[in-house]
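For reference, the chains in residue letters:
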Amino acid sequence: MAANILDIRKNFPVLNQQVNDEQLVYLDNAATAQRPTAVTDSLVHFYQTDNANVHRGVHTLAERATEDYENARVKVQHFINAAESAEVIFTKGTTDGLNLVASTYGEQVIQAGDEIVISIMEHHSNLIPWQQLAIKKHATLKYIGLTADGELDMADAADKITDKTKIVAIAHASNVLGTLNPLADLAKLAHQHGAIIVGDGAQAVPHHPVDVQALDVDFYAFSGHKMMGPTGIGALYGKRALLEQMPPYQFGGEMIDFVHQQDSTWAQLPYKFEAGTQNIAGAVGLGSAVDYLSDIGMANVAAHEQAIVDYLLPKLVADPDLAVYGPHDPAKHTGVIAFNVKGIHPHDIATALDMEGVAVRAGHHCAQPLMTYLGLVATARASFYLYNTKQDADRLLVALAETKEFFNHGAVKAE
Amino acid sequence: MGLSKLNSLYREVILDHADHPRHKHDLATSTNTITLKNPTCGDVINLSIQLDDQEKIQDIGFSGDGCTISQSSASMMTDAVMGKDKETALRMAKTFSDMVMGTKHPQADLDELGDAAILSSIMSFPARIKCATLAWWALQRALLEETPTDEEEA
């Protein structure tokens, strides 16, 4: 993998540019990834050769577009090892998928006094839908806490998940702490208490091999754009038995079996959950991203990122001016690294790094309850992907050193 | 380019205000108060103003968390409007928002802003304009006695 990293970088033209007169180092992959030419080409190809609406035309283009769209579904199915393609529903993204589960399954199942269990590290998209459902249904929302080194506290999970728990919803990988949560263990725990488990795969699917059957999750949502696919497309996996019993999410074209004046019957899976014309080209682009990642191999992607973390994390942790959040053991840390520099606000860090061509995120990362829990307002965050290199990590380290020098020793005085 | 461009944003006077913010304290009594948040970054400003009978700013203080730009902007804003009457302070807030968006103003208006006029440099850093305007927004809202909702966007 390391041998052909330069070839891989050639697939991402966006990386080959100067930002503020410096070679771009893109380290904001947890927000959105860059797209390889294979993905952008697939969008152009679809629109220029096969474009038509799906499932409702008898003409040749409609047939081709339908085939492209359904092929993409099968690619996603195999990528996460779902038992059948009908268990893969195309969505706008992770947020859409999680809202779908909350407003259909959640709406149906949750009653006053029931418990919904999430964790304190959840992104707002896997928090607010459950919070609002709990308010509406007079249910209780409980949070699993963290261990001292920033991992999910499994002892606390065993405490919080009880026979009253109906839904457990947990991030597979944290977008701040860089932890990969033991979703299979949590699924076992949830099932022992008769609850179902929802996995937020937004930060996991792009970077690690994911097998929804091995995890035994009941639902699992993720986004296309964080895994090199287009924006506005994602997928929700659900077990057939659950999807069958759920009411539709939205009503309209495509999702019906038959419509009478006073009632209607619903289409079979997965179309029951895909009302209206879908993001067809987006699905095709997502299928192409799946092909791209599958060709490289998700185990290789994970290993490449791990090698960067093994190299970079100890250096960041060793710097007395830096606070690094999440586990300090590289083996327990993904390529998402949140940190603060003593005496410098993360926004000032992000602006300074940008002047050095290094793109990072600064803010609360849509995880305000986590920030409050950690006693923070905001952090800087560098997040890596398969086209990043150890040289990128070095550029970050150098830029950080210069940023500290600038703010702490008044480089402005030289003006 | 490196960090040399940062000199235009983080001028000595800006860093001085950020390191030694003026009027960064709560007031014992106040006639106008407001808490504003910038939800994109989590920055918060609590602003308290004591207006006298003639609607003059007798005292002003702020607290909260934020980056160098938002903290120094708040410090410079409180310095600039201290002792001014309400109408003048509101005009200055308008001048400041116009200035950072690139709208031209007579030099006399800019002079009135004092140190705060130096933040016109923020124009070259569009992502940071909100950091500079948060304090002036808070001033405007507090003087107009609008009560923001809990998750008010600034």
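If you're wondering where the values come from, they're calculated on a predicted model, not measured in any experiment. (Residues numbered from 1 in each chain as written. Chains lettered and ligands numbered in written order. Predicted model: local features only at pLDDT ≥ 70, side-chain atom pairs only at ≥ 80, totals over all residues.)

**Observations regarding the overall build of chain B**
Piece 1. In terms of helices and strands, chain B carries 6 helices and 3 strands.
Piece 2. Taking the principal axes of the C-alpha coordinates as reference, chain B spans close to 50 × 35 × 25 Å.
Piece 3. The buried share of chain B, reckoned over its 154 residues, is 41%.
Piece 4. Considering only contacts within chain B whose residues lie at least 6 apart along the sequence, 64% involve residues at least 24 apart. (Helix = DSSP H or I, 4+ residues; strand = E, 2+ residues; numbered from the N terminus. Buried ≥ 20, exposed ≤ 12 C-beta atoms within 10 Å, placed from the backbone. Contact = placed C-beta atoms within 7 Å.)

**Side note on the overall build of chain A**
Piece 1. When helices and strands are tallied, chain A shows 14 helices and 17 strands.
Piece 2. Whereas a compact globule of 415 residues would reach a radius of gyration of roughly 22 Å, chain A reaches 22 Å, a difference of no more than 12%.
Piece 3. Reported as C-alpha extents along the three principal axes, the dimensions of chain A are approximately 80 × 55 × 35 Å.
Piece 4. A total of 415 residues make up chain A; the buried ones form 51% of that total.
Piece 5. By sequence separation, contacts in chain A at least 24 residues apart represent 69% of the contacts at least 6 residues apart. (Rg over C-alpha atoms; globule rule 2.2 N^0.38 Å.)

**Some remarks on the sheet that holds strand β14 (residues 336-341) of chain A**
Residue and element names in this part refer to chain A.
Piece 1. In spatial order, the strands read β13-β14-β17-β16; together these 4 strands make up an open sheet with antiparallel pairing. Sheet topology places β13 (322-324) and β16 (361-363) at the edges, where each strand pairs with a single neighbour. Across the sheet, the mean angle from the axis of one strand to that of its neighbour is 30°, orientation sign disregarded.
Piece 2. Where β13 meets β14, 3 bridges bridge the pair, whose relative direction is antiparallel. When the sheet's bridge partners are listed, leucine 322 is paired in β14 with valine 341. (Pairing = 2+ DSSP bridges. Axes fitted to C-alpha atoms, helices over the stretch in contact; angles between N-to-C directions.)

**Side note on the packing of helix α11 (residues 298-318) of chain A against helix α14 (residues 390-408) of chain A**
Residue and element names in this part refer to chain A.
Piece 1. Running from amino to carboxyl end, α11 crosses α14 at an angle of 15°, the nearest separation of the two axes being 9 Å. On the basis of the axis angle, α11 is roughly parallel to α14. The two elements α11 and α14 cross, and the hand of that crossing is right-handed. Of α14, the residues touching α11 (which contributes Ile308, Tyr311, Leu312 and Lys315) are Lys390, Ala393 and Leu397. (Parallel < 35°, antiparallel > 145°, perpendicular 65-115°, else oblique. Left-handed = near helix turned anticlockwise from the far one by under 90°.)

**Topic: unusual backbone geometry**
All names here are of chain A.
Piece 1. In this structure, proline 270 follows leucine 269 across a cis peptide bond, with omega equal to 0°.
Piece 2. By the secondary structure assignment, proline 270 is in the loop between β12 (264-266) and α10 (280-296).
Piece 3. The phi dihedral of asparagine 20 is positive, around 50°, even though this residue is not glycine.
Piece 4. Relative to the assigned elements, asparagine 20 resides in the loop between β1 (18-19) and β2 (22-23).
Piece 5. Phi angles above zero are rare outside glycine, and asparagine 81 is one such case at about 55°.

**Observations concerning the interface of chain A and chain B**
Piece 1. Taken together, the 23 residues of chain A in the interface contact 20 residues of chain B.
Piece 2. For the side of chain A that touches chain B, the secondary structure elements donating two or more residues are α12 (346-355), β16 and α14 of chain A.
Piece 3. For the side of chain A that touches chain B, the leading source of residues is α12(A), giving 5 residues.

**What about the domain arrangement of chain A?**
Residue and element names in this part refer to chain A.
Piece 1. Looking at chain A, the domain boundaries give domain 1 (2-27 + 298-414) and domain 2 (40-295).
Piece 2. Each of domain 1 and domain 2 has a C-alpha centre, and the two are 29 Å apart.
Piece 3. Looking at the side of domain 1 that touches domain 2, the elements with two or more residues in it are α11, β14 and α13 (368-374).
Piece 4. Per-element tally for the side of domain 1 that touches domain 2: the top contributor is α11, with 5 residues. (Domains from an automatic or database assignment.)

**Thoughts on the environment of Ile296(A)**
Piece 1. Mapped onto the fold, Ile296(A) is located in helix α10.
Piece 2. With 14 C-beta atoms counted inside 10 Å, the residue Ile296(A) sits in the partly exposed group.

**A few points about the sheet that holds strand β1 (residues 32-38) of chain B**
Note on sheets: strands pair through backbone hydrogen bonds, and any given pair is parallel or antiparallel.
All names here are of chain B.
Piece 1. If you trace the 3 strands from one edge of the open sheet to the other, you get β1-β2-β3, paired in antiparallel fashion. The open sheet has two edge strands with one neighbour each: β1 and β3 (57-65). With direction set aside, neighbouring strand axes in the sheet form an average angle of 15°.
Piece 2. Bridge analysis of strand β2 (residues 43-51) against β3 gives 8 bridges, and the strand direction is antiparallel. Residue asparagine 46 lies in a different strand from β3, and its bridge partner there is serine 63.
Piece 3. The strands that helix α3 (residues 68-81) touches are β2 and β3; relative to β3, the one it contacts most, it runs at about 175°.

**A word on the UniProt feature "domain: Aminotransferase class V" (unreviewed entry) in chain A**
Piece 1. In the numbering adopted here, UniProt assigns the feature "domain: Aminotransferase class V" (unreviewed entry) to residues 25-396 of chain A.
Piece 2. For the annotated span residues 25-396 of chain A, helix accounts for 40% and strand for 17% of the residues, and the straight-line distance between the end C-alpha atoms is 8 Å. (UniProt positions renumbered as here; feature names shortened; annotations may be inferred.)

**A look at the nonpolar core**
Piece 1. Of all hydrophobic cores here, the largest spans 167 residues; its most connected members are Val168(A), Ala138(B) and Leu139(B).
Piece 2. No other element matches the 10 residues that helix α6 (residues 129-143) of chain B contributes to this core.
Piece 3. Two domains each provide a minimum of three residues to this core, namely domain 1 (2-27 + 298-414) and domain 2 (40-295) of chain A.
Piece 4. Setting aside residues up to four positions removed in sequence, Ala138(B) forms contacts with Ile34(B), Leu36(B), Ile45(B) and Leu47(B). (Core = buried A, V, L, I, M, F, W, Y, C linked by C-beta atoms within 7 Å.)

**A short note on the confidence of the model for chain A**
Piece 1. In this model, chain A carries an average pLDDT of 95, and 98% of its residues clear a pLDDT of 70 or more.
Piece 2. Considering only residues more than four positions removed or in separate chains, one finds that residues 411-415 of chain A, a stretch of pLDDT under 50, has 10 contacts. (pLDDT = per-residue confidence, 0-100.)

**Digging into the UniProt feature "domain: NIF system FeS cluster assembly NifU N-terminal" (unreviewed entry) in chain B**
Piece 1. In the numbering used here, UniProt assigns the feature "domain: NIF system FeS cluster assembly NifU N-terminal" (unreviewed entry) to residues 10-131 of chain B.
Piece 2. Span residues 10-131 of chain B is 38% helix and 20% strand, its end C-alpha atoms 13 Å apart.

**Looking at the environment of Asn408(A)**
Piece 1. Topologically, Asn408(A) is positioned in helix α14.
Piece 2. Residues Asn408(A) and Gln23(A), spaced 385 residues apart in sequence, show a C-alpha to C-alpha distance of 25 Å.

**Here's the deal with the pairing of β14(A)**
Successive residues of a regular strand alternate their side chains across the two faces of the sheet.
Residue and element names in this part refer to chain A.
Piece 1. Within β14, 6 of the 6 residues are buried, which leaves it mostly tucked inside the rest of the structure.
Piece 2. With burial as the criterion, each face of β14 is covered, one bearing Val336, Ala338 and Asn340 and the other bearing Ile337, Phe339 and Val341.
Piece 3. Two strands pair when backbone bridges link them, and β14 and strand β17 (residues 379-383) are joined in this way by 4 bridges, in the antiparallel orientation. Bridge pairing links valine 336 to serine 383 in β17.

**A few points about the packing of helix α4 (residues 94-109) of chain A against helix α5 (residues 128-137) of chain A**
Residues and elements named next belong to chain A.
Piece 1. For the pair α4 and α5, the least separation of the axes is 9 Å and the interaxial angle reads 20°. By the criterion of interaxial angle, the relationship of α4 to α5 is roughly parallel. Between α4 and α5 lies a crossing of right-handed hand. Residue-level contacts link Leu98, Asn99, Ala102 and Gly106 of α4 to Pro129, Trp130 and Leu133 of α5.
Piece 2. Class assignment for the residues of the contact of α4 with α5 results in 5 nonpolar, 2 polar and no charged. (Nonpolar A, V, L, I, M, F, W, Y, C, P; charged D, E, K, R; others polar.)

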